[in-house]
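Architecture at a glance
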Amino acid sequence: MKELATQKLTKEWAELSKSKPDRYTKAMAPAVLDALKEFVQQNDEFAQAVVQGGALADCMKAVSGGVKNGAISDLDAYRLAVQFYFPGADIRCQMTVNLCASVEQDSPETDKAVVLDLFDLL
């Protein structure tokens, strides 16, 4: 199912990019597509929803509809895209700051990471 969903998204992206998408779609679609493909790989049920769901062009219209004052955060765009295919679903995002990256090569067992929930930054 994951492969079918990925193929569907890839095919629909090719079709969408040949058309004349609006400026928001043109700007956001590559990143949204990458996120959707990643989510498809993470969850079989989501992959099935993508295969059985609407077209990527319609998904991008839904995402573009979330633009307020000419902008939308990446996280909100990904959330709207996920909810297009799977209403009621949500996303979780984490960012890890590695405070010892400069010495990590010398000492890989050093783990001084700080984990932030990206939604706390909004």
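Scroll up for the structure.
Residues numbered from 1 in each chain as written. Predicted model: local features only at pLDDT ≥ 70, side-chain atom pairs only at ≥ 80, totals over all residues. Heavy atoms only, no water.

Further remarks concern the pattern of salt bridges. Within this structure, the stated rule accounts for 5 salt bridges. Ionic pairing is found between Glu12 and Lys8, a salt bridge with its closest N-O pair at 3.9 Å. Of this pair, Glu12 and Lys8 both sit in helix α1 (residues 2-18), separated by 4 residues, roughly a single helical turn. Like Glu12, the residue Lys8 is buried in the burial classification. Between Asp90 and Arg79 there is a salt bridge, and its shortest N-O distance comes to 2.7 Å. Taken as a pair, Asp90 in the loop between α5 (74-85) and β1 (94-98) and Arg79 in helix α5 lie far apart in primary sequence, 11 residues in all. Several salt bridges share partner residues, and in doing so they unite Asp76, Arg79 and Asp90 into one network. (Salt bridge = Lys/Arg side-chain N within 4 Å of Asp/Glu carboxyl O. Helix = DSSP H or I, 4+ residues; strand = E, 2+ residues; numbered from the N terminus. Buried < 20%, exposed > 50% of the residue type's maximum accessible area, 1.4 Å probe, protein only.)

Distances and angles like these do not, on their own, reveal function.
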